[in-house]
Each structure stands twice: as structure tokens, then as C-alpha cells.
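Letter by letter, the chains look like this.
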Amino acid sequence: MLKILMAASEVNPFAKTGGLADVLGSLPAALMEQDADVRVIMPKYGTIPSNLKSRFIHKGYIYVNVGYRNQYCGVEQTQYNGITFYFIDNEYYFMRQGLYGYEDEAERFAFFCKAVLDAIPHLGFIPDVLHCHDWQTGMIPVILEANYRDTEPYKYIQTVFTIHNLKYQGVFSIPLVKDFFSLDDSWFTDDKLEFHGGAGYLKGGLVYSRLLTTVSKTYAEEIQNPFYGEKLDGLLSARKDDLYGIINGIDYNEYDPGNDSLIVKRYDIDHLKDKSVNKAELQLELNLPVRNDVPMIGLISRLVDQKGLDLIAYVLDELLREDIQFVVLGTGDYKYEMMFREAEDRYPNKMSANIMFDSTLAHRIYASCDLFLMPSLYEPCGLGQMIAMRYGTLPVVRETGGLKDTVTPYNDMNGKGTGFTFQSINAHDMLYSIKRALGIYKYKEVWRNIQKEAMKCDYSWNNSASEYMKVYYKAVRQKFEL
Ligand code: ADP
């Protein structure tokens, strides 16, 4: 049985700021069904809910060097839904209010990367593949090569690295990084860690991992080009034969309109009428007029420019002059939070701005809305559009990354499609797409058919888990061939 250890900075339900946590929370179970032994290692944050934390078992502790500091590193363990999770415990680094955004980010995740490798001999689990996710774990493959490769039990461990979002790269000053990892100058050239004057953790992961993946086929192509490549397109196209695009799945247990305890009225493909009960309740809850005939558009997102919010800014008033309701749930940049709050002041009967992170409300919005807006400038995979389709809420998306790979544009010639799409980064193209959808919404039969098409799609992890298994086997083949 193939043994996989995944290292990541956020994992649902322990800590979540975005899609990365969803993936880490659901992919391991899907891989277990494919006969892999998958375990996950992450930091023990202060924010982990106490009902989960109280079940952690202390396995032991070691000391980890980070520059001049010799840091305590507790290793804790728990079982959740049949998966073993390990936690790296150090209160100085991780007992804080949030997950990210601190001044000593370089040091916190240097510690985490080293701690993961140092903890391996103490887990009672030597992985065949160490699967690292995003920049916070990017230095693991680097120091594995630099400092651990020749010793047991690290000799045959292969590395796979997944890019969930190329924008976030963890670039820090070279002297700092040199010091944290005790690496000499030879590691800081432009074919290794050096990146525009700094040292890139993500870049390290991309250079030193045996195989690379990212979270959709289209994004895998896009990031080899300068527009999407975040200055790493050259490196990624040089490694294109080792780079695989594997679309994320969604957790079919968590997101199931037929069995969702967070929504008011459960429904399925044969009882779509019941979806409107959720809509009425949400309208009440959010102080919007209770009207079933008005199309309700949802947006659930981090409020950052990546999500195409400037397109919305450009036509927001034009959109809100339509007979619609627009429900937003998100937190992020102040200017976008204010944009939606002010729109709510101007159009209290049409706009509901919920500036917060709230998973229950998210489920209710997915279940209640008719349309789900995701006009991203780039989108590595995107989960929102898949969750929406599973709830019979039709997405309006820009054709990029995973949005392009998961939403089939509605074609009125043959009645096929699962949502509405537009190509250019252009606010009026987006508005045209929305208006087209609003036009079709009036034809209940047609709408219902598109909803059914969307709900029939398979966004589970089954297919993608098999794709990951192929990548893992490819990564370890070297070992088995010895
Ligand atoms: P990203 O990873 O770029 O943030 P994704 O679409 O891949 O975007 O994943 C976002 C996930 O986070 C989805 O599950 C979405 O429902 C959830 N989410 C985003 N913002 C909020 C919020 N304010 N409250 C609740 N859930 C949210």
C-alpha cells in the first residue's frame, strides 16, 4: 500500500481560510478508497476549535533548529473521519489569532518545513511520497535534498508539490532564508531559490520536487504563460513534462442538498421546487423582500482582486437596476467590503452584503440562489462554482482555469450546458452574460433543465483521486525499479 504524507498549512475542519483547506479536508479520504495510506501534517494553530483540539494525543517532542534558535516542537496526533492527522506544536509560532499575515512568516514556515522532516522518524510512518501544498511547505523538498537525502529514513522519499495558487509565493530576504535553513550561497542562484532579489519558498518547491501538480488542466497550461505565470512561467514551462493539472473535487458529504443539515429545506434533483423554501427563508433572514419570482444572485468569496471584483465594481449600479437580489458573503480588502456595504445602503431591497466568514450562511446561499457569480481574473480551480452547481445554482463565470474546465456554457441551440460564461476581462461582457441568464430564468422549464444538467455533473473526488494515484506511482517508480 502506497504511503502518502501530505503537508499543508490549513486543513478543514481544523483551520481554513480558503480552498486549500477544503482540498486537504477531502482528498485524503478519497485516496484511502484507492488503497493508499494517507496522513496529513499541519501546524497546531491557536484557532483550532477546542472540541477538536481536546482529542489530540501528545506523541512526543523534539527540538528543531531555526537559525540561532533551538525550538521546541511537540508532535500531536488525532483521528478524524478515519484519517490520521499530525500537528506540529509550538506556541511561539502558532498560538496566534489568525493563520497568516505575521511579520515573521518566513521563520514560522521555515520552522514548519524543518519540523515536518525532523518529525518523520517519530511518527511511526515513513511515507513513500511527501506531498507538499503551496508556498508554506515549499522548502520541504529543498532541504530534503540539501540536508536529509543521504540518511535513513529519508533516502527513498519522493516529493510531489501542488500549486493551489501561484500568486502567493513566500518570497523573503536571502540572508534570512540562508540563516533559517543553514544553506550556503550556492543555493541562492536564479536556477534554484533566488527570485527577483529574494528567495522564494514556492519556487524552491517547484525546482526541487520530483513531480508537480496544479488544480486544473487549464490553469496548468495558463501558468506557463507570462500573463498567468507570476514570473515563474519560464520555470513551469521548462518543467511542463512533470506538471499535471488535476481538478479538485468537492466534499460530497459536506455539500449535498439532499442531506445538508445547515440548510432550511433539503432537496434533490427530483424535488427542485423545495429549493425555493430555502430562498424564502434566506430573504427573511437577510431582510430582503420575500419574492420567489426575483432572480437571486450569490457571491461567496475572499474579497480580493483575483476574484474579478473590479468588473463588478464597474457595473454594480447597472446590475442593481435590474429586478434582482444580490447576496454577497465574504471578507477581504477594505475597498471591496465597502463597495458592497455602500451598495446595500443604496439598494436595501436588492443587495445584502454579509462581510464575515460564516460556513452556515455559505451553505444557505448556495442552496437559495438562482445564480452564482464568479468572474475571476484567474482561478486555479475554484470550488464555489462546483458547490453551486451541486445545489442547482447556475454559475456565471469567466472562462479561466478551473472555471473553464468545470462549467459548460449553456447553448440555446441544443439546450446543453450547466452555466453561463464569458471570455474577456470586461465588465460589460460579464454583465451581458448575467443579463442573458436573467432572460433565460424567465423560462422556467428551460431553467429547470439547466439546473438538472448542472446537478448531474460529477464533481466528486473519484476521478481526481485516481489521477493523483498515477502521479504518486510515477514519482515512486524510480524506487520500485531499483
Ligand atoms: P479560494 O481558495 O481562492 O479562496 P475557492 O473557490 O477555491 O477559492 O474556495 C473558497 C472556499 O471558501 C469555498 O468553499 C467557499 O464557499 C468558502 N468561502 C469563501 N469565503 C467564505 C466566507 N466569507 N464564508 C464562508 N465560506 C467562504
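Up top you'll find the structure we're talking about.
Quick look at the structure, then.

With respect to spatial proximity, 21 residues lie near the ligand, and among them Gly19, Arg302, Lys307, Met356 and Tyr366 are the closest. Between the ligand and Gly19 there is a distance of 2.7 Å, counted from an oxygen atom to a backbone nitrogen or oxygen. At 2.9 Å from an oxygen atom of the ligand is found a main-chain nitrogen or oxygen belonging to Leu383. Counting only elements with at least two residues in the shell around the ligand, the list comes to helix H1 (19-32), strand S13 (296-303), strand S14 (325-332), helix H14 (359-368) and helix H15 (384-390). At 3 residues, the largest contribution of residues to the shell around the ligand is made by S13. Here the shell around the ligand is composed, by residue class, of 10 nonpolar, 6 polar and 5 charged. Here the shell around the ligand gathers at least three residues from each of two domains, domain 1 (2-249 + 462-481) and domain 2 (272-458).

Read across the sheet, 6 strands follow the order S15-S14-S13-S16-S17-S18 without closing on themselves; strand pairing throughout is parallel. Strands at the two margins of the open sheet, each flanked by one partner only, are strand S15 (351-354) and strand S18 (420-422). The average undirected angle you get between the axes of adjacent strands in this sheet is 15 degrees. Relative to S14, S13 runs parallel, the two being bridged by 8 bridges. When the bridges of S14 are listed, Arg302 appears paired with Thr331. Contacts between helix H12 (residues 309-320) and the sheet are confined to S13, S14, S15, strand S16 (371-374) and S18, with S13 contributing the most and set at about 155 degrees to the helix.

We now examine the sheet that holds strand S12 (residues 243-245). Note: strands within a sheet are paired through backbone hydrogen bonds, in either parallel or antiparallel orientation. Read across the sheet, 9 strands follow the order S3-S4-S5-S2-S1-S6-S7-S11-S12 without closing on themselves; strand pairing throughout is mixed. Of all the strands in the sheet, the pair left with one neighbour each is strand S3 (57-66) and S12. Each neighbouring strand pair of the sheet contributes to a mean axis angle of 25 degrees, computed without reference to strand direction. Strands in contact with H1 are strand S1 (2-7), strand S2 (36-43), strand S5 (83-89) and strand S6 (129-133); relative to S2, the strand with the most contacts, it is inclined by about 155 degrees. Where helix H4 (residues 105-119) meets the sheet, it contacts S1, S2, S3, strand S4 (69-80), S5 and S6, and its direction lies at approximately 120 degrees from that of S3.

A few words on the packing of aromatic side chains. Going through the model one piece at a time under the given rule, you end up with 32 aromatic pairs. Ring-pair connections join several aromatic residues into one group, and the members of that group are Tyr45, Tyr92, Tyr93, Phe94, Tyr100, Phe109, Phe111, Trp135, Phe172, Phe181 and Tyr201.

The subject of this paragraph is the pairing of S2. The element S2 is largely enclosed, with a buried count of 8 among its 8 residues. Where S2 lies against S5, 5 bridges are found, and the strand directions are parallel. By the bridge assignment, Pro43 is partnered in S5 with Ile88.

Turning to the pairing of strand S11 (residues 211-214), a few remarks are in order. The side chains of a regular strand alternate, residue by residue, between the two faces of the sheet. Neither face of S11 is open: one carries Leu211 and Thr213, the other Leu212 and Thr214, and all of them are buried. As judged from the 4 bridges shared by strand S7 (residues 158-163) and S11, these two strands associate in the parallel manner. Pairing of Ile163 across the sheet is with Thr214, part of S11. The pairing of S11 with S12 spans 3 bridges and is parallel.

Before going further, it helps to spend a moment on the nonpolar core. Core analysis: the biggest nonpolar cluster contains 99 residues, and Phe181, Tyr201 and Tyr472 have the highest contact counts within it. Setting aside residues no more than four positions away along its own chain, Tyr201 makes contact with Ala106, Phe109, Ala110, Trp135, Gly138, Met139, Gln169, Gly170, Phe172, Val177, Phe180 and Phe181. Counting residues in each nonpolar core, the second largest holds 72 residues, with Met296, Ile365, Tyr391 and Tyr441 among its members.

For the rest of this paragraph, the subject is the layout of surface pockets. Of the volumes computed, that of the second largest pocket is approximately 280 Å³. Listing elements by their share of the lining of the second largest pocket, those giving two or more residues are helix H11 (275-285) and helix H18 (444-456). Top element by residues in the lining of the second largest pocket is H18. It accounts for 5 residues. Here the lining of the second largest pocket is built from residues that sort into 4 nonpolar, 4 polar and 8 charged.

Rules of the game
- Residues numbered from 1 in each chain as written.
- Predicted model: local features only at pLDDT ≥ 70, side-chain atom pairs only at ≥ 80, totals over all residues.
- Heavy atoms only, no water.
- Near = heavy atom within 4 Å.
- Polar contact = N/O pair within 3.5 Å; in protein donor to acceptor, adjacent residues only side chain to side chain.
- Helix = DSSP H or I, 4+ residues; strand = E, 2+ residues; numbered from the N terminus.
- Nonpolar A, V, L, I, M, F, W, Y, C, P; charged D, E, K, R; others polar.
- Domains from an automatic or database assignment.
- Pairing = 2+ DSSP bridges.
- Axes fitted to C-alpha atoms, helices over the stretch in contact; angles between N-to-C directions.
- Contact = heavy atoms within 4.5 Å.
- Phe/Tyr/Trp six-rings, centres within 6.5 Å; stacked < 30°, edge-to-face > 60°.
- Buried < 20%, exposed > 50% of the residue type's maximum accessible area, 1.4 Å probe, protein only.
- Core = buried A, V, L, I, M, F, W, Y, C linked by side-chain atoms within 4.5 Å.
- 1 Å grid on protein atoms, 1.4 Å probe; cavity = no way out; pocket = protein on both sides within 12 Å on 5 of 7 lines; lining within 4 Å.
- Points joined across faces, edges and corners; volume = space filled by probe spheres on them.

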